[in-house]
Amino acid sequence: MKKTFIPFAVFCVISIALYIGLGLNPSKLPSVFIDEPMPELSLPVVGGEEIGFTKADIAAEEGVVLLNFFASWCAPCYVEHPFLMELEKRGYKIYGVAYKDKPHATNRFLEEQGNPFFKTAADNDGRTAIEWGVYGFPETFVIKDGVIRYKHAGPIMEMQFEDEFMPILESLSQ
Amino acid sequence: MRMFASLILWIMMSLTVLAVGVDEKRLANPADEARAQEIMKQLRCLVCQNQSVVDSDAGLAKDIRIIVRERVALGEDEATVLKYMTDRYGDWVLLKPPFDGATVILWLSPALLVLIGFFLVYRNMKSRKLAAVAPLSDDEKARLDALLNDGGKE
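All values reported here derive from a predicted model rather than from experimental measurement.

Asker: Would you mind going over the nonpolar core in detail, with residue names and values included?
Answerer: Within the largest apolar cluster, 65 residues are counted, with the highest numbers of intra-cluster contacts made by Ile58, Leu67, Phe69 and Trp132 of chain A together with Leu43, Ile64 and Val68 of chain B. Residue contacts for tryptophan 132 of chain A: discarding those within four places in its chain leaves Phe33, Met38, Pro39, Glu40, Leu41, Leu67, Phe69, Phe141, Ile143 and Ile148 of chain A.

Listed below in structure tokens is the structure:
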């Protein structure tokens, strides 16, 4: 009895550990900024010198703001784009950051694909993305009152939006 | 022919060495550059995930190398530069995870497995020894004596 019980218990423990461990997505990093004030942000407009928007602009917004890092050279950004257009139609305020993109390429991207952004700025040297802990594109932050509430790496589509964003957006709007 | 082949091999190998950092400025001070390299080896490339920032050709890894060199040149020590990175990307950016509550099992599991192994070997040996030294019963002794005394006669 005892002899068979111990290996069986070990088997169960290993099975549970593997079930949990293999179910995780190792490429998904939680942001260290969740529920933290957003890092500094002051970016020029696409292709220009003047300021596009700053941290203060986003912090001053009433309600929830989405901040989206994108690039015209990023294939998943094309996949995501129609849904950003849809979110804009639903009334979400989205700030766009063009990451290490050529200004004419960014502009052409927004002309051809549509422009869902309330304001667009350019992170020309990629420094701001690193300050924000961004590692994959596109990446979208949910911000309210200057505090980061959620981050999603990779394209947001209807499914991610319903599953991941909606519960947070609902709790924030209460 | 063989010399030619080894020459080609040698060129190819030097090219791979050049591939990283060919468009980057190394630090003028060799000691600083060595320190920067040491730090970069500990940082995970966030795009490719199982490479260090030193080995990666990803744009983000390159930007991180530039930042590490800048900070080293400013005189920051290793812990400060690593903290700068973990403040932004979490402990995940370190190839060697820190020892804390979340990783205690990860760190202790090799030692634990060795201990379990020793225990199993010890138990196994003990039970064998016991079997080997089990004394003969009177019956067995008598039979053994009989065999030894009569041995060879039959």
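Asker: Now, about the packing of aromatic side chains: what can you tell me, with residues and values included?
Answerer: Per the stated rule, a full pass over the model turns up 15 aromatic pairs over all chains. Residues tyrosine 78 of chain A and phenylalanine 109 of chain A carry aromatic rings whose centres are separated by 4.8 Å and whose planes lie at 90° to one another, so their mutual orientation is edge-to-face. Here tyrosine 78 of chain A is found in helix H3 (residues 75–89), whereas its partner phenylalanine 109 of chain A is found in helix H4 (residues 103–113), with 31 residues between them in sequence. With a relative accessible area of 2%, phenylalanine 109 of chain A lands in the buried category. Relative to phenylalanine 165 of chain A, the ring of phenylalanine 161 of chain A has its centre 5.6 Å away and its plane inclined at 20°; by these criteria the two rings are stacked. Of the two residues, phenylalanine 161 of chain A and phenylalanine 165 of chain A both sit in helix H6 (residues 158–173), 4 residues apart, roughly one turn of that helix. On the basis of relative accessible area, phenylalanine 161 of chain A is assigned to the buried category, the value being 0%. Residue classification places phenylalanine 165 of chain A among the buried positions, given a relative accessible area of 0%. Cation over ring: arginine 88 of chain B sits above tyrosine 84 of chain B, and NZ or CZ is 3.8 Å from the ring centre.

Asker: Residue-level account of the state of the cysteines, with values.
Answerer: All names here are of chain A. Tallying each qualifying case throughout the model produces 1 disulfide over all chains. Cysteine 74 shares a disulfide with cysteine 77; S-S distance 2.1 Å. Here cysteine 74 and cysteine 77 share a disulfide; its torsion about the S-S bond, 90°, makes the bridge right-handed.

Asker: Break down helix H4 (residues 78–89) of chain B for me, citing the residues and quoting the values.
Answerer: With 12 residues, H4 of chain B ought to run about 16 Å at 1.5 Å a step, and its terminal C-alpha atoms sit 16 Å apart, in line with that. When H4 of chain B is considered as a whole, its buried residues turn out to be Val81, Leu82, Tyr84, Met85, Thr86, Arg88 and Tyr89 of chain B. Elements that come into contact with the buried residues of H4 of chain B comprise helix H5 (127–131) of chain A together with helix H2 (30–41) and helix H3 (59–73) of chain B. Residue glycine 90 of chain B follows H4 of chain B closely and has a positive phi angle near 80°.

Asker: Quick rundown of unusual backbone geometry? Include the residues and the values.
Answerer: Residues and elements named next belong to chain A. The amide bond that connects phenylalanine 137 to the next residue, proline 138, takes the cis arrangement and shows omega of -5°. Within the fold, proline 138 resides in the loop between H5 and strand S7 (139–144). The residue aspartate 35 is not glycine, and still its phi comes out positive at about 65°. Although it is not a glycine, aspartate 145 adopts a positive phi angle of roughly 50°. The residue aspartate 145 is located in the loop between S7 and strand S8 (147–153) in this model.

Conventions and cut-offs
Throughout, residues of each chain are indexed from 1 in the direction in which the sequence is written. Both sets of labels track the order of writing: A upward for chains, 1 upward for ligands. Two thresholds apply to this predicted model, a pLDDT of at least 70 for residue-level local features and 80 or more for giving and counting side-chain atom pairs, whereas whole-chain, interface and lining totals are computed over all residues. To obtain the side-chain values, all non-hydrogen atoms of the structure were used and water was disregarded. To qualify as a nonpolar core, a set must consist of buried Ala, Val, Leu, Ile, Met, Phe, Trp, Tyr and Cys residues joined through side-chain atoms within 4.5 Å. In this scheme, a residue with accessible area under 20% of its type's maximum is buried, one over 50% is exposed, and one in between is partly exposed, where area comes from a 1.4 Å probe on protein chains only. Residues count as neighbours in contact if any of their non-hydrogen atoms are within 4.5 Å of one another. Any two of the Phe, Tyr and Trp rings considered here, Trp counted by its six-membered ring, make a pair once their centres fall within 6.5 Å; the pair's planes then place it as stacked at under 30 degrees, edge-to-face at over 60, or tilted in between. A run of H or I in DSSP becomes a helix once it reaches four residues, and a run of E becomes a strand once it reaches two; helices and strands are each numbered from the N terminus. By definition, being over a ring means that NZ of Lys or CZ of Arg is both within 6 Å of the ring centre and within 35 degrees of the ring normal. The disulfide criterion used throughout: a pair of cysteine sulfur atoms within 2.5 Å. Expected span, for any helix, means 1.5 Å times one less than how many residues it has.

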